[in-house]
Amino acid sequence: MTEKPPSPPRRSDATRTAILTAARERFGADGYDRATIRAIARDAGIDPSMVMRYFGNKDGLFAAAVEVDLRFPDLAPVPRGEVGRALVGHFLDLWEGNEQLRAMLRVGVTNQAGAERMQGIFREQLLPVARQVCPDPEQVPARAALCAAQLLGLALTRYVLQVPAAQALTREELVVWMGPTVQRYLTAPHP
């Protein structure tokens, strides 16, 4: 019995790949706001209507193209009572000056594809962190969701909406205020 040779890649797969490659480069170089569908299509060597056909709009394209690694730290060496502060500090360090994360949050709150992408990022990256310290494995999803709500709420008010009072708080103040809340979400007994 002979194996069937792999079928050649479909043209649509090649077009999609070219668009995503061009989009990643353009978003990386120009940022979300300045990148345009026309420029991305030109970089990919296709008509702009093809970008719209595959991704619907700029938000959908951004959600598909962006690769976000929250690079959560290994919590094993962190004392259990300091996990919340460590996560808040890591989160602030990651978000400061990171336009890609800010754009991802803006897209996530206005676009279904962006929301699904954000859900996937937190499911794949925050759940394992919560699993390391949560006292009850069945509560990991709920506790991770509470942490995500707290951290994304901070990101929204500080970096997207730019609420002056949220922006005025120093990193240290935010860690002191929010660390215990995130800690409670992760490790406190079930209420």
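Below you will find a few notes about this structure. (Residues numbered from 1 in each chain as written. Predicted model: local features only at pLDDT ≥ 70, side-chain atom pairs only at ≥ 80, totals over all residues. Heavy atoms only, no water.)

## Describing the state of the cysteines
Scanning the entire structure with this criterion turns up 0 disulfides. In this structure Cys-134 is not part of a disulfide, and its nearest cysteine sulfur, from Cys-147, lies 9.3 Å away. Of the residues examined, Cys-134 reaches a relative accessible area of 11% and is grouped as buried. Owing to a relative accessible area of 1%, Cys-147 belongs among the buried residues under this scheme. (Disulfide = S-S within 2.5 Å. Buried < 20%, exposed > 50% of the residue type's maximum accessible area, 1.4 Å probe, protein only.)

## Some remarks on the pattern of salt bridges
A complete count under the given rule lists 7 salt bridges for this structure. Two residues, Asp-33 and Arg-106, come together in a salt bridge whose shortest N-O distance is 3.9 Å. With Asp-33 in helix α1 (residues 11–34) and Arg-106 in helix α6 (residues 99–110), this residue pair connects regions lying 73 residues apart in the sequence. For Asp-33, a relative accessible area of 57% translates into the label exposed. One salt-bridge network, held together by shared partners, links Arg-26, Asp-30 and Asp-43. (Salt bridge = Lys/Arg side-chain N within 4 Å of Asp/Glu carboxyl O. Helix = DSSP H or I, 4+ residues; strand = E, 2+ residues; numbered from the N terminus.)

## A word on helix α10 (residues 171–187)
Given a rise of 1.5 Å per residue, 17 residues ought to cover 24 Å, and the 23 Å separating the end C-alpha atoms of α10 matches this to within 8%. Buried within α10 are the following residues: Leu-174, Val-175, Met-178, Gly-179, Val-182, Gln-183, Tyr-185, Leu-186 and Thr-187. Lining the buried residues of α10 we find α5 (83–95), α7 (112–133) and α8 (140–160). (Expected span 1.5 Å × (residues − 1). Contact = heavy atoms within 4.5 Å.)

## Describing the packing of α1 against helix α2 (residues 37–44)
The interhelical angle for the contact between α1 and α2, taken along N-to-C directions, is 125°, at an axis separation of 8 Å. Taken together, α1 and α2 sit at an angle that is classed as oblique. For the crossing formed where α1 meets α2, the hand is right-handed. Side by side, α1 and α2 meet where Ala-18, Ile-19, Ala-22, Ala-23, Arg-26 and Phe-27 of the first sit next to Ala-39, Ile-40, Arg-42, Asp-43 and Ala-44 of the second. Taken together, the residues that form the contact of α1 with α2 break down as 8 nonpolar, no polar and 3 charged. (Axes fitted to C-alpha atoms, helices over the stretch in contact; angles between N-to-C directions. Parallel < 35°, antiparallel > 145°, perpendicular 65-115°, else oblique. Left-handed = near helix turned anticlockwise from the far one by under 90°. Nonpolar A, V, L, I, M, F, W, Y, C, P; charged D, E, K, R; others polar.)

## As for the packing of α2 against helix α3 (residues 48–55)
In contact at an axis separation of 8 Å, α2 and α3 are set at 105° when each is read in the N-to-C sense. It follows that α2 is roughly perpendicular to α3 by the angle criterion. Residues Ile-37, Arg-38 and Ala-41 of α2 lie in contact with α3, whose contacting residues are Pro-48, Val-51 and Met-52.

## Quick look at the side chain of His-90
You can see His-90 is positioned in helix α5. Taking relative accessible area as the criterion, His-90 reaches 16% and is therefore assigned buried.

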